[in-house]
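As a plain string of letters, each chain reads:
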Amino acid sequence: MAKRKRNDADDRSSSKPITKASRNTESPVRASAKHITTTTTKAAKQLPQTATPSASPPVIDDEASSAADKEDGSALIKIVEVEGDLFSAPPNTVLVHACNCKGVWGNGIAKAFRIRYPGAYKICGAHCNRSQKAELPGTALLIEPQTNDKDKHFVGNLFTSKSYGRTKDSPDIILKNTDAAMRDLLGQIAAYNDGKEANRIERIWMCKINSGLFNVPWKHSKALLSDLKVPERDAPGEITVMFQG
């Protein structure tokens, strides 16, 4: 499959300025789905409006993951692979990565998330500590942009292995957990967007999940993602997979 280099105009969309909450400390609460973490506000400020490119370059996507209808009439999630920086995503984007159930973001792409999103890292660790370890694999945690994080992205955590290093799960178990966790995350995104006109999640970006320290070839995770249905409720129907050349 052909891949292309991403330029700065990729994946941007015009949107009205949205109000971003800010305060000195975060107090996560659970929303109506499963683990959606929110932040209460005292003061609000306007985020800059994103620019709209005059013409977007053609997108190279996977024919197998195009938004074709399934036999039951539902559409499949579209998977688009783009060479570029995952963390260059515009606002209102959820960045997705696979992680262990101990709340440790120690190496690889998880370490990059920990450095950029210390507030989200703290929330994920607390979530893992208070949860039953046997119940975490195959679930997801959606975290809103935190006031003490420099980059204002949503963070989507997929709990695909109970541990890491030598005690990580087998590839088969990791893939099984990936399928369940991604479905869980899509449901949480749809629930978060329900009824909102501003501060909605408009895009899903991810790395080539599981292919780093979990040592699962990307093609296997991609095959699972390509078979996901677009949620019936309000959620993006496309996943942009960012990779470094």
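Along each chain, the written sequence defines residue order, and numbers are assigned to residues from 1. In keeping with the predicted nature of the model, local features appear solely for residues at pLDDT of at least 70, side-chain atom pairs appear and are counted solely at 80 or more, and the whole-chain, interface and lining totals rest on all residues. Computation of side-chain values: all heavy atoms of the structure, hydrogens and water removed.

- As annotated in an unreviewed UniProt entry, the protein carries the name ADP-ribose 1''-phosphate phosphatase and comes from Elsinoe australis.
- Database annotation for the protein, UniProt heading Sequence similarities (unreviewed entry): "Belongs to the POA1 family."
- According to the UniProt record, the Function (unreviewed entry) comment for the protein is "Highly specific phosphatase involved in the metabolism of ADP-ribose 1''-phosphate (Appr1p) which is produced as a consequence of tRNA splicing." UniProt positions are given in the numbering used here, feature names are shortened, and annotations may be inferred rather than shown by experiment.

1. What to know about the packing of aromatic side chains
Consideration 1: A pair of aromatic rings is counted whenever rings of Phe, Tyr or Trp (Trp by its six-membered ring) have centres within 6.5 Å, and the orientation is called stacked for planes under 30 degrees apart, edge-to-face for over 60 and tilted otherwise. For the structure shown, the criterion picks out six aromatic pairs.
Consideration 2: The interplanar angle of 45° and the centroid separation of 6.1 Å between the aromatic rings of phenylalanine 87 and tyrosine 117 together place this pair among those described as tilted. In this pair, phenylalanine 87 sits in the loop between strand 3 (78–83) and strand 4 (93–100) while tyrosine 117 sits in the loop between helix 1 (108–116) and helix 2 (118–130), placing the two residues 30 residues apart along the sequence. Tyrosine 117 shares its class with phenylalanine 87; the two are buried. A run of DSSP states H or I qualifies as a helix once it reaches four residues; a run of E qualifies as a strand once it reaches two. Both are numbered from the N-terminal end. Three labels apply to residues, based on accessible area from a 1.4 Å probe with only protein chains included: buried if under 20% of the type maximum, exposed if over 50%, partly exposed otherwise in between.

2. Notes on the sheet that holds strand 3
Consideration 1: Strands are labelled as partners when DSSP assigns at least two bridges between them. Strand order in the open sheet made by the six strands is 3-8-7-4-6-5, with mixed pairing throughout. One side of each edge strand has no neighbouring strand; the edge strands of this open sheet are strand 3 and strand 5 (140–143). Taken pair by pair, the neighbouring strands of this sheet meet at an average axis angle of 25°, ignoring direction.
Consideration 2: The sheet contact formed by strand 7 (residues 203–206) and strand 8 (residues 238–243) spans three bridges and is parallel. Note that in strand 8 the partner of methionine 206 across the bridge is valine 241.
Consideration 3: Contacts were defined at the residue level, with two residues in contact if any of their heavy atoms lie within 4.5 Å. Fitted lines through C-alpha atoms give the axes, limited to the stretch in contact for helices. The angle between two N-to-C directions lies from 0 to 180 degrees. Against the sheet, helix 3 (residues 171–193) touches strand 4, strand 5, strand 6 (154–161), strand 7 and strand 8, its axis set at about 155° to strand 6.

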